[in-house]
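One-letter residues, chain by chain:
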Amino acid sequence: MEFPFNINRVLLKKFVKIRQNLLPEGFSGDRRISGDFSPKISDILDEMGRASAIAQGLQKAVTSGERLRNSDHTVYLLIDTEGKSGEGSVVGLLKVGKKKLFVFDAAGVHHEVQPLCVLDFYVHESKQRMGCGRALYEYMLSEEKTSPQYLAIDRPSEKFLGFLYKHYGLEKILPQSNNFVVYEGFFIAKSDQV
Ligand code: ACO
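Rules used throughout
Residues numbered from 1 in each chain as written. Predicted model: local features only at pLDDT ≥ 70, side-chain atom pairs only at ≥ 80, totals over all residues. Heavy atoms only, no water. Phe/Tyr/Trp six-rings, centres within 6.5 Å; stacked < 30°, edge-to-face > 60°. Lys NZ or Arg CZ within 6 Å of the ring centre and 35° of its normal. 1 Å grid on protein atoms, 1.4 Å probe; cavity = no way out; pocket = protein on both sides within 12 Å on 5 of 7 lines; lining within 4 Å. Points joined across faces, edges and corners; volume = space filled by probe spheres on them. Helix = DSSP H or I, 4+ residues; strand = E, 2+ residues; numbered from the N terminus. Nonpolar A, V, L, I, M, F, W, Y, C, P; charged D, E, K, R; others polar. Near = heavy atom within 4 Å. Polar contact = N/O pair within 3.5 Å; in protein donor to acceptor, adjacent residues only side chain to side chain. Areas by Shrake-Rupley, 256 points an atom, 1.4 Å probe, with all protein chains shown as cover. Pairing = 2+ DSSP bridges.

## Examining the packing of aromatic side chains
Aromatic rings considered in pairs are described by the distance between their centres and by the relative angle of their planes. Applying the stated criterion to the full structure yields 13 aromatic pairs. Pairing F186 with F187 gives two aromatic rings, centres 5.0 Å apart and planes at 80°, and the pair type is edge-to-face. Ring pairing ties together the aromatic residues F121, Y137, F160, F163 and Y168, which thus form one cluster. Above the face of the F5 ring, K40 is positioned so that its terminal group lies 5.6 Å from the ring centre.

Here you go:
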């Protein structure tokens, strides 16, 4: 997705992590520059959030600048630094955050947990099925120091379910009474994994 400003000057890297302050993680500029960057980043989140909602057939966007500002969630963006004649374009968005959930295990026992949840995931239509989604997901996993089976997914689309099966072999879903999907392995302690 292209924007009417130079993405590379604002986002600086291929993978960008953004939290409440609507600035790239590690941003070290002064107030004048941050005052210029955060409205641009807010616009990027609004546009990508809107495109994601359309792609998923949702009435309302899950991601926007305003919503990120008022949450403790994290958005990861994937940038094509060579897009738009070297000014950069935004390829993908992945939003994660912790939520308190009641989740059934395989034996049907209810647990109160607060896992990291995948809340929004979108790759621009022109770049889907080219490995961009996986690259962004892998970046998020390494930043969050976790593995795919420990994440709860909010209302996954068929494409996302296919993605999780293809790249991570996730198949066996533990039935839940909410909109979240968790897989077998969710309750296995990290130290017990082989
Ligand atoms: N139809 C079926 N499966 C698909 C499709 C599709 N159109 N697109 C991607 N996939 C799955 C397949 O398993 C595919 O492997 P294959 O091409 O061998 O069949 C695999 O994803 C491809 O992996 P990547 O190229 O790494 O993924 P991609 O860059 O396409 O990103 C994503 C995956 C984010 C799901 C993307 O397809 C997308 O944006 N879809 C529309 C929005 C969406 O459904 N987002 C998830 C909503 S749920 C949530 O956000 C919690």
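Following the structure, the description resumes.
## Re the layout of surface pockets
Its volume calculated, the largest pocket comes out at about 970 Å³. Taken together, 35 residues make up the lining of the largest pocket; nearest its centre are F121, Y122, S157, K159 and F160. Breaking the lining of the largest pocket down by element, the ones donating at least two residues are α2 (31-56), β6 (116-123), α5 (132-144), β7 (152-154) and α6 (158-168). Residues belonging to the lining of the largest pocket are distributed by class as follows: 14 nonpolar, 10 polar and 11 charged.

## With respect to the site of the ligand
Lining the immediate environment of the ligand, one finds 25 residues, of which F121, R129, G131, G133 and S157 sit closest. R129 has a polar backbone atom sitting 2.8 Å from an oxygen atom of the ligand. The backbone of G133 places a nitrogen or oxygen atom 2.8 Å from an oxygen atom of the ligand. Protein chains shield 85% of the accessible area of the ligand, which is 960 Å² for the free molecule.

## Observations concerning the environment of A107
Mapped onto the elements, A107 comes out in the loop between β4 (101-104) and β5 (110-113). In this structure, the C-alpha to C-alpha distance between A107 and N70, residues 37 residues apart in sequence, is 37 Å.

## Some points on the pairing of β5
When a strand is regular, its side chains alternate between the sheet's two faces. One ladder, built from 4 bridges, connects β4 with β5; its direction is antiparallel. Paired with L101 across the strands is V113, a residue of β5. Counted along the chain from β4 to the antiparallel partner β5, the turn is 5 residues long, and its residue G108 has a positive phi close to 85°.

Everything listed is a geometric property; what it means functionally is a separate question.
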